[in-house]
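As a plain string of letters, each chain reads:
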Amino acid sequence: MSRNDEIEELAEFVAGEHWHGSQVDPCHVASGSGLTFSFGHYEDYFDGLLECRAHRFHVYLNIDRHGSDCSARMRFSFAHELGHFFLDWHRHALEHGIPAHGSSADFQSSLAIEHEADLFAANLLLPKDKLKAAAHRHIDAAEIQRLAVLFGTSLSATAIRCALLDLSSLIVMGWTAQGRRWCWSSARYRPFGNKAFKNISALVRDSNTWHALNSPYSTQIAAPAKGTTLSAWFPAINAGSLHDDVLLEECICLGRYGALTILRPY
Ligand SMILES: [Zn+2]
């Protein structure tokens, strides 16, 4: 069994133990595991942090970065810190004096332990079987929004999970004012990897994403889908070539967190 499989299996087991309605409550998981936690104001220092003192663990969660203690982003950060606790090699490192580190729930870290904690969080909050059972056959922006509400997860985490689980042919990208931060695809588009344009200036003018990133008053509303092509997003694809699929583009504005692009076959 690979390490990723091990992480997924453990997270789904923990989710099964604490599932209630259509969600898992990270507070419930922590309390049931002997962990203490607190929500505080830590400005911009971290999203969440797991500390070990005298073999006792405490999770610090930053309201300043998440707005409230029950927001979807907070739940993901909490689940990420639970990953650092439940994964033996993470917990043992903290017990043996490795300094606690602040985590960011933005799917950008290249550190293996951060990626592993994100993987644990995604599997805890959006378990594979439960998400597959709940999802409609075709995933679009509206369906991602519905699933995010159902599971109490962020739109970004939900969109990434739908793509990685191949629930539908899909490419999802996260943007901030600085450019594209991440890109994940279902199997059909995975060969193109994380190689989409990164610069906002490369975006097709009049695309939904361009409008979302250039509107100072964007709110969390998905505009109607627009026709586009794969080559408009991936520089390695030649326009008009066999690989240049015709797609539909939707974009969900994420307010101060940027925008989420959803591409699917036309
Ligand atoms: Zn972390």
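By convention here, each chain's residues receive numbers from 1 onward along its written sequence. For a predicted model such as this one, the threshold for reporting local features is a pLDDT of at least 70, and the threshold for listing and counting side-chain atom pairs is 80 or more; totals across whole chains, interfaces and linings nevertheless cover every residue. Side-chain descriptors were evaluated using all non-hydrogen atoms of the structure, hydrogens and water having been removed beforehand.

Chemist: Could you give an account of the packing of helix α8 (residues 141-151) against helix α9 (residues 155-164), with specific residues and numbers?
Modeler: For every element, the axis is a line fit to its C-alpha atoms; helices are fit only across the contacting stretch, and the angle between N-to-C directions ranges from 0 to 180 degrees. In DSSP terms, a helix is any run of H or I states spanning at least four residues, a strand is any run of E spanning at least two, and both are numbered starting from the N terminus. At their nearest, the axes of α8 and α9 sit 9 Å apart, and the two run at 115° to each other. Considering the angle they form, α8 stands roughly perpendicular to α9. As for the relative orientation of α8 and α9, their crossing is right-handed in sense. Between α8 and α9, the contacting residues are Ile-144, Gln-145, Leu-147 and Ala-148 on the first element and Leu-155, Thr-158, Ala-159 and Cys-162 on the second. Gly counts as polar in this scheme, as do all residues outside two lists: the nonpolar Ala, Val, Leu, Ile, Met, Phe, Trp, Tyr, Cys and Pro, and the charged Asp, Glu, Lys and Arg. Of the residues in the contact of α8 with α9, the class split is 6 nonpolar, 2 polar and no charged. Each angle gets one of four labels, with under 35 degrees taken as roughly parallel, over 145 as roughly antiparallel, 65 to 115 as roughly perpendicular, and the rest as oblique. In a left-handed crossing the near helix is turned counterclockwise from the far helix by less than a right angle, and in a right-handed crossing that turn is clockwise. The contact criterion used throughout is that any non-hydrogen atoms of two residues lie within 4.5 Å.

Chemist: Describe in detail the environment of Arg-256, supporting the description with residues and values.
Modeler: Along the polypeptide, Arg-256 turns up in the loop between β10 (246-253) and β11 (259-265). Burial classes follow relative accessibility: with a 1.4 Å probe on protein chains only, a residue under 20% of its type's maximum area counts as buried, one over 50% as exposed, and anything between as partly exposed. Arg-256 gets classed as exposed once you look at its relative accessible area, which sits at 62%. As for Arg-256 and Thr-176, which are separated by 80 residues in sequence, their C-alpha atoms are 8.2 Å apart.

Chemist: Report on the nonpolar core, specifying residues and quantitative values.
Modeler: Side-chain atoms within 4.5 Å are what join buried Ala, Val, Leu, Ile, Met, Phe, Trp, Tyr and Cys residues into a set we call a nonpolar core. Core analysis: the biggest nonpolar cluster contains 53 residues, and Leu-82, Phe-120 and Leu-124 have the highest contact counts within it. When neighbours within four sequence positions are excluded, Phe-120 is seen to be in contact with Ile-7, Leu-10, Ala-11, Val-14, Ala-79, Leu-82, Gly-83, Phe-86 and Leu-87. Judged by nonpolar contacts, the second largest core, of 17 residues, contains Met-173, Trp-210, Phe-234 and Leu-263.

Chemist: If you had to explain empty space enclosed by the protein to someone new, which residues and values would you point to?
Modeler: Residues are called lining when one of their atoms sits within 4 Å of a cavity or pocket point, these points coming from a 1 Å grid over the protein atoms alone, where a cavity is a set in which a 1.4 Å probe fits but cannot get out and a pocket is an open set with protein on both sides within 12 Å along at least five of seven lines. Grid points are joined across faces, edges and corners, and a volume is the space filled by probe spheres set on the points. Evaluation of the coordinates by the stated rule reveals 1 cavity of 30 Å³ or more. Looking at the largest cavity, its volume works out to about 30 Å³. In terms of lining, the largest cavity is formed by Met-173, Trp-175, Ala-196, Phe-197, Ala-202, Leu-203, Ala-232 and Trp-233.

Chemist: Let's hear about the domain arrangement of the protein chain: which residues, and what values?
Modeler: Residue ranges for the domains trace back to a domain assignment, done automatically or taken from a database. Looking at the assigned domains, one finds that the protein chain contains domain 1 (3-125) and domain 2 (166-265). The straight-line distance from the C-alpha centre of domain 1 to that of domain 2 is 29 Å.

Chemist: Tell me about the pattern of salt bridges, and please be specific about residues and values.
Modeler: What counts as a salt bridge is simple: a side-chain nitrogen of Lys or Arg found within 4 Å of a carboxyl oxygen of Asp or Glu. Under the definition given, this model contains 10 salt bridges. Residue Asp-44 is joined to Arg-65 by a salt bridge in which the shortest nitrogen-to-oxygen separation is 3.0 Å. Of this pair, Asp-44 sits in the loop between β3 (36-40) and β4 (48-53) while Arg-65 is found in helix α3 (residues 63-66), placing the two residues 21 residues apart along the sequence. For Asp-44, a relative accessible area of 59% corresponds to the exposed category. The salt bridge partner of Arg-190 is Asp-166, with a shortest N-O separation of 3.3 Å. Of this pair, Arg-190 sits in the loop between β8 (179-185) and α10 (208-214) while Asp-166 sits in the loop between α9 and β7 (171-176), and the two are 24 residues apart along the sequence.

Chemist: Give me the lowdown on the pairing of β8, citing residues and values where you can.
Modeler: Within β8, 5 of the 7 residues are buried, leaving the element largely enclosed by the surrounding structure. Note on pairing: DSSP must find at least two bridges between two strands before they are called paired. As paired elements, β7 and β8 share 6 bridges and run antiparallel to each other. Across the sheet, residue Met-173 finds its bridge partner in β8, namely Cys-183. Taking the residues between adjacent antiparallel strands as the criterion, β7 and β8 are bridged by 2 residues.

Chemist: Run through the sheet that holds β10, naming residues and quoting values.
Modeler: Spatial strand order, β8-β7-β11-β10-β9: 5 strands in an open sheet with antiparallel pairing. Edge positions in the sheet fall to β8 and β9 (226-229), since each of these pairs with one other strand and no more. On average, each strand axis in the sheet is tilted by 30° relative to the strand beside it, whichever way the strands run. As paired strands, β10 and β11 are joined by 7 bridges and run antiparallel to one another. Considered in β11, the bridge of Glu-249 is made with Leu-263. In this fold α9 packs onto β7, β8, β10 and β11, with an angle of close to 35° to the strand it touches most, β8.

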